[in-house]
Amino acid sequence: MSRSQRLLDLIQVLRRHRRAVAGTVLADELGISLRTLYRDVDTLRSQGAPIDGEAGVGYVLRPGFMLPPLMFSEEEIEALVLGSRWVSERADGSLGKAARNVLAKIGAVLPDDLKDSIDSSGLLIGPGAPIAAGDAELTTIRQAIRSECKVRVNYADEQGSMTHRTIWPFALAFYDRVRVVVAWCELREGYRHFRTDRIMALDALAKRYPRRRAALLKEWRTVQGIPEQ
């Protein structure tokens, strides 16, 4: 186990306890010596961790603390790298660029022994077929979702028949070959799913829809039988 991982584990153990915990208890839980525990506590304090207590009394971490360089375990870093690589390959240009920026920012604050794991990660994203729908269109949809605003679309079904709808977009699903907007449709008065490659025209409206996005998403999950994440 790397030293950075050990320090992260100590932070996580302290977070689970609301009252002071004896050093021997912490050392046993982490599988380290008492001397190593004392040294790790001093290291965390020197980096700004508000750990109260002392040897023989116990230690407690004051609430609200987050130490950026130690936020992620090695597996969490792998998950971030894999997810960011997928987004950079499968999402629109601006979202893909944002994913690459996230990795760069994470790498800038990680300790050296964890920073190397970003570049050396063996988790790769395989090539996929290009997905229809322009970057500008997807950016507009994502902005409408964030701002909880209505969107007017011209939508073609499988047979090519066109309908003109006003929708309340609250989610955007990314599949391997298609992207799907999840929305409340004013025309059908219900939840509908719209493939972005069948949206022939799109106009973002300044008018907010009357319900909160979180409420729509929760209700849609219930209707679809999808458990809460």
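Structure shown above.
Residues numbered from 1 in each chain as written. Predicted model: local features only at pLDDT ≥ 70, side-chain atom pairs only at ≥ 80, totals over all residues. Heavy atoms only, no water.

Q: Give a detailed account of the sheet that holds strand S7 (residues 199-208), specifying residues and quantitative values.
A: Spatially, five strands are ordered S6-S5-S4-S3-S7 in an open sheet, and the strand pairing comes out antiparallel. The open sheet has two edge strands with one neighbour each: strand S6 (190-195) and S7. With strand direction ignored, the average angle separating the axes of adjacent strands in the sheet is 40°. Strand direction decides the pairing type here: strand S3 (residues 149-156) and strand S4 (residues 162-174), joined by six bridges, are antiparallel. Among the inter-strand pairings, Ala156 is bridged to a residue of S4, identified as Met162. (Pairing = 2+ DSSP bridges. Helix = DSSP H or I, 4+ residues; strand = E, 2+ residues; numbered from the N terminus. Axes fitted to C-alpha atoms, helices over the stretch in contact; angles between N-to-C directions.)

Q: Tell me what's going on with the pattern of salt bridges, and back it up with residues and numbers.
A: Inspection of every chain in the model, using the stated rule, returns 10 salt bridges. Where Arg6 meets Asp40, a salt bridge forms, and the shortest distance between an N and an O atom there is 2.6 Å. Here Asp40 lies in helix H3 (residues 34-46) and Arg6 lies in helix H1 (residues 3-15), a separation of 34 residues in the sequence. Among the residues examined, Arg6 registers a relative accessible area of 16% and is labelled buried. Looking at Asp40, the relative accessible area reads 1%, which means it is buried. In this structure, the salt-bridge partner of Lys150 is Glu186, at a minimum N-O distance of 2.8 Å. One end of the pair, Lys150, is in strand S3; the other, Glu186, is in the loop between strand S5 (179-185) and S6, and 36 residues separate them in sequence. On the accessibility criterion, Glu186 (31% relative accessible area) is partly exposed. By sharing partners, the salt bridges in this structure join Glu148, Arg208 and Arg212 into a single network. (Salt bridge = Lys/Arg side-chain N within 4 Å of Asp/Glu carboxyl O. Buried < 20%, exposed > 50% of the residue type's maximum accessible area, 1.4 Å probe, protein only.)

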